[in-house]
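Tertiary structure, described
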Amino acid sequence: MNKTSEVIGPLGEALTRNDLPPPNTSRWVIRRKAEVVAAVNGGLLTIPEACKRYDLTLEELASWQRAVEREGMAGLRATRVQHYRQIHEHQGRHA
């Protein structure tokens, strides 16, 4: 499988593996989360690579992806992720 060498980042910029947050990142601001999501969605990193590189659980990465799909970058705010999760869980119970 050929990997993509460049994807479009969350702010419309070209994003390469060299532009990604460093593997030892511990402070996950919105932009960094969005860059990782863009890298995975664009084929720059596989899901297992991203999880290993950033010491993320599959659920953590998946929650970032869902937040971006549902709400865009704003969904990645820590408090917003929790808020949106509660809304969607509530909707799911009453569907």
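None of the values given here were measured: they were computed from a predicted structure. (Residues numbered from 1 in each chain as written. Predicted model: local features only at pLDDT ≥ 70, side-chain atom pairs only at ≥ 80, totals over all residues. Heavy atoms only, no water.)

**Regarding the overall build of the chain**
Looking only at helices and strands, the chain has 4 helices and 2 strands in total. N-terminal to C-terminal, the α/β element order of the chain is β-β-α-α-α-α. Out of the 95 residues belonging to the chain, those deemed buried represent 33%. Counting contacts in the chain only where the partners sit at least 6 residues apart, residues at least 24 apart contribute 49% of the total. For the chain, the exposed area adds up to about 6,100 Å²; of that, 50% sits on carbon and sulfur atoms. (Helix = DSSP H or I, 4+ residues; strand = E, 2+ residues; numbered from the N terminus. Buried < 20%, exposed > 50% of the residue type's maximum accessible area, 1.4 Å probe, protein only. Contact = heavy atoms within 4.5 Å. Areas by Shrake-Rupley, 256 points an atom, 1.4 Å probe, with all protein chains shown as cover.)

**Some remarks on the nonpolar core**
Counting residues in hydrophobic clusters, the biggest one holds 20 residues, and the most contacted among them are Leu20, Val36, Leu45, Ala50, Tyr54, Leu61 and Trp64. Every element with two or more residues in this core is listed here: α1 (30-41), α2 (47-54) and α3 (58-71). Leave out the neighbours within four places in its chain, and leucine 20 touches Leu15, Glu35, Ala39, Leu44, Leu45, Arg53 and Tyr54. (Core = buried A, V, L, I, M, F, W, Y, C linked by side-chain atoms within 4.5 Å.)

**Some details on the confidence of the model for the chain**
Here the chain shows a mean pLDDT of 86. Residues at 70 or above account for 79%. Per-element confidence in the chain is highest for α2, whose mean pLDDT is 97, and lowest for helix α4 (residues 78-93), whose mean pLDDT is 59. (pLDDT = per-residue confidence, 0-100.)

**As for the packing of aromatic side chains**
Within this structure, the stated rule accounts for 2 aromatic pairs. When the centroid spacing of 5.2 Å and the interplanar angle of 85 degrees are considered together, the rings of tryptophan 28 and tyrosine 54 count as edge-to-face. Of this pair, tryptophan 28 sits in the loop between β2 (14-15) and α1 while tyrosine 54 sits in helix α2, placing them 26 residues apart in sequence. Neither residue differs from the other here; tryptophan 28 and tyrosine 54 are each classed as buried. An aromatic cluster is built from Trp28, Tyr54 and Trp64, whose rings are joined through pairwise contacts. (Phe/Tyr/Trp six-rings, centres within 6.5 Å; stacked < 30°, edge-to-face > 60°.)

**A look at the pattern of salt bridges**
For the structure on display, the rule yields 3 salt bridges. We note a salt bridge from arginine 66 to glutamate 59, for which the minimum N-O separation is 2.6 Å. (Salt bridge = Lys/Arg side-chain N within 4 Å of Asp/Glu carboxyl O.)

**Comments concerning the packing of α1 against α3**
Their axes nearest at 10 Å, the elements α1 and α3 cross at an angle of 90 degrees. Here α1 lies roughly perpendicular to α3, going by the angle between them. Residue-level inspection shows Lys33, Val36, Val37, Val40 and Asn41 of α1 in contact with α3, the latter providing Leu61, Trp64, Gln65 and Val68. Taken together, the residues that form the contact of α1 with α3 break down as 6 nonpolar, 2 polar and 1 charged. (Axes fitted to C-alpha atoms, helices over the stretch in contact; angles between N-to-C directions. Parallel < 35°, antiparallel > 145°, perpendicular 65-115°, else oblique. Nonpolar A, V, L, I, M, F, W, Y, C, P; charged D, E, K, R; others polar.)

**A word on the side chain of lysine 33**
Relative to the helices and strands, lysine 33 resides in helix α1. One buried charge, lysine 33, has no salt-bridge partner; the nearest side chain with opposite charge is glutamate 60, at 7.2 Å. (Lys, Arg positive; Asp, Glu negative; His and termini not counted.)

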